[in-house]
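# Residue-level structural notes
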Amino acid sequence: MAQKRKAQEAFGKSNGQLSAFAVARLAKQNKAAPSLASSPPLAAVIGDEAYSNHADEHMDEGAESDYDNAIENLQGNVRSSKASSNLALSAFDRSTSSPDRKDGSVTVTIHHGQYLTCVGEYNLQVLQGLATLYGAVVHPSSGLQKVYAPSTHALPSITARRDNTIIRISNVKSSMRKLDNLSPNFRNIWAAAPNTRQTFTLLETAADDEGTGSRIMAIGAKSSGKSTFNRLLCNSILSKPSVKKLLYLDLDPGQPEFSPPGQVSLVEVSCNIFGPSFTHAASSSSQSYRLLRSHTLAATSFKDDPAHYMACAQDLINHARSRLPLVINSCGWVSGLGANVLADVVSASGLSDAVIFDPVEEPFVDWLQGQSSKMAVHRLPRQASRPSPRTPAEMRAMQNLAYFHQRQSSNPGDLSWSGKPISSLRPWTISYGEPTADIIAVLSYGQAPGPAFFAEVLDGSPVAVVTVDAQHMDEAFGTDSYADFNGDAPSLDGIISRTAEELPYIRTDAQGITHPLHPRYSECVGLAMVRAIDTKSRQLHLMIPMPDEKVTALADKKVVLVRGSFDAPEWAYLEDLYFGSDDSFDHDERPWVSKKEPAGIEGAVWRLRHPPMANAANAR
């Protein structure tokens, strides 16, 4: 396993050692490639009941009862006994199922007496062997058989009558679902998830057929109670015996639930949420809060690039195709540009329920209520504001501090935290010099510093670690946006420049703009902090709060570091002061920190200086 450098070596001289990524590459040269992961479970659910009369109900009781009543309205109409939840609807070897990623079809091998059950509309084809359905015998020469299996009627089982019977179930094109626009009795009786082409769902037990495929978004201004409501909602959904997990679409980069500020993410939640956001960071290895996909905005607001924010949101929505319940954490910007972007998110999400936390402008509410007869709109009255002991910026600082100090315990998915200052932890050494560079380049979102100030701005700042699809490099970087006046788009190498320190960075286009990575071909894997820049050995020293095996795995990927308008990590600069004694601290060693002279009876206070970006931007 690659070794991290000691903290005291972070600013030391180069000893000619390989970077951490380079060591990882050498260690892997003689290892076999890992096998592909098995396909995800196919069991899913059909959604809400066919009809809901709570769309215009207005709550007028106390705050806690408002939340309870709203949650009861969202899911209280779906009830089932434990006996029905345990009723098996399919019996087959799940390891033999093989979903086709291109068209969503499922191919299953079942043996004599085994059976499977689907809800929805689908084409049935027996590729080998013999099966019965509704008393009919189906064999290979029978061809495609179109089956209609709505949840309002008894669901037919496909039963094998010979061993090694191969069944293929595929999607169909049908106009039957147009009828739900004419009558609420036809709504939500099929299996398709919103905004998908999937027309059927393979069921394991009757519990899979219990209305848990809802998509719910809380909409309201900042500090209106959305986060608290979402936690209550998640815990309430997970308390149902038939629900083992749900999806959480976190679209608030300023106050995210499972990721550090500046990111939007899709998380699979299988455990109750019993704590504030800084206590349950999601990760790809967590058993409780599994990170499925994430994108960085490199900022706590999308005001500078709403188009990129919407592209990231759309990509995450596209990955939330499962029929698991989906809870969406929306941004608290509900007026002006924020309302326009929120409307786009609502349109793309295929919501079953929208919960409005007043006050929200009535034109937006009217638009929301007129969007779809399939979506129920609930309203909660304005709650009395309560002063918080921490400002939003302080809460983000707490979340970032907890993120960078997190440690994986011996139990996968459990978190622990280091109580030592970040300056005492060992950084990873990442080469940025050719020909053994571990990163492609550094990319600036938003305002880009001039080359002369790039290293100064980068040193001591947080960056997002983003992996790029090696098969779609030009699409990921949008090289066509850098085309010259002849319309010729450069190659990737043509948009990479280097500073005096040989740091590679993506240059701006002819209009002085840098373009964000395309979310379809890139993914954020976490945040890092630039501990130091070793210009002699051309290495970056990064603090990366990920397990060693996750970091070394990046050696086989195309990696870009993204900087932007992240909050300045003031908490990191001041940790030594709070951890030790002010008398033993030499402030000259910390260029971003200065001491404010005492005023009145108060003592001296350490303050963060203005970051170099302020001067660098003016000098461009």
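Below or above, wherever it landed, is the structure these notes cover. (Residues numbered from 1 in each chain as written. Predicted model: local features only at pLDDT ≥ 70, side-chain atom pairs only at ≥ 80, totals over all residues. Heavy atoms only, no water.)

### Thoughts on the overall build of the protein chain
Regarding its fold elements, the protein chain presents 13 helices and 28 strands. Within the protein chain, buried positions represent 50% of all 620 residues. The contacts in the protein chain between residues at least 6 apart in sequence include a share of 73% that link residues at least 24 apart. (Helix = DSSP H or I, 4+ residues; strand = E, 2+ residues; numbered from the N terminus. Buried < 20%, exposed > 50% of the residue type's maximum accessible area, 1.4 Å probe, protein only. Contact = heavy atoms within 4.5 Å.)

### Remarks on the pairing of strand β9 (residues 200-203)
What you see with β9 is no split at all: F200 and L202 on one side and T201 and L203 on the other are buried throughout. As defined by bridge partners, strand β3 (residues 115-128) adjoins β9 across four bridges and the pair is classed as antiparallel. Of the residues in β9, the one forming a bridge with C118 is L202. (Pairing = 2+ DSSP bridges.)

### Observations regarding unusual backbone geometry
Cis geometry is found at the peptide bond from D358 to P359, where omega equals 5 degrees. The topology assignment puts P359 in the loop between β15 (353-357) and α7 (362-369). With an omega of 5 degrees, the peptide bond running from E434 to P435 counts as cis. Relative to the helices and strands, P435 is located in the loop between β19 (428-431) and β20 (441-444). Despite not being glycine, Y134 has its phi angle at roughly 55 degrees, a positive value. One non-glycine residue, N164, lies in the positive phi region at around 55 degrees. Its location among the elements puts N164 in the loop between β7 (157-160) and β8 (165-170).

### Some details on the packing of aromatic side chains
Under the defined criterion, the tally for this structure stands at 10 aromatic pairs. Ring centres of F302 and Y309 lie 4.3 Å apart, and the angle between their planes is 20 degrees; on these two criteria the pair is classed as stacked. Accessibility classification places F302 together with Y309 in one group, the buried group. Between Y403 and F404, the aromatic rings sit 5.4 Å apart at their centres with planes inclined by 90 degrees, giving edge-to-face as the arrangement. (Phe/Tyr/Trp six-rings, centres within 6.5 Å; stacked < 30°, edge-to-face > 60°.)

### Focus: the environment of H139
Checked against the element boundaries, H139 lands in the loop between β5 (136-138) and β6 (145-149). Sequence separation of H139 and Q128 is 11 residues, and the distance between their C-alpha atoms is 7.2 Å. Apart from the residues within four sequence positions on either side, H139 is in contact with V126, G129 and L130. Reaching out from H139, the side chain makes a polar contact with the side chain of S141 at a distance of 2.5 Å. (Polar contact = N/O pair within 3.5 Å; in protein donor to acceptor, adjacent residues only side chain to side chain.)

### Looking at the pattern of salt bridges
Two side chains that carry opposite charge are able to pair once their charged atoms sit near each other. The tally for this structure, following the rule as stated, stands at 10 salt bridges. Salt-bridge contacts for R231 lead to E257; the nearest nitrogen and oxygen are separated by 2.9 Å. Taken together, the residues R231 in helix α4 (residues 226-238) and E257 in the loop between β11 (246-250) and β12 (263-269) connect sequence positions 26 residues apart. By relative accessible area, which is 21% here, R231 ends up partly exposed. Note that E268 is salt-bridged to R290, the shortest N-O span being 3.2 Å. Of this pair, E268 sits in strand β12 while R290 sits in strand β13 (residues 289-296), and the two are 22 residues apart along the sequence. One salt-bridge network, held together by shared partners, links K245, E268 and R290. (Salt bridge = Lys/Arg side-chain N within 4 Å of Asp/Glu carboxyl O.)

### With respect to the side chain of S423
Tracing the chain through its elements places S423 in the loop between β18 (415-417) and β19. In terms of polar contacts, S423 uses its side chain to reach the side chain of D576, at 2.9 Å.

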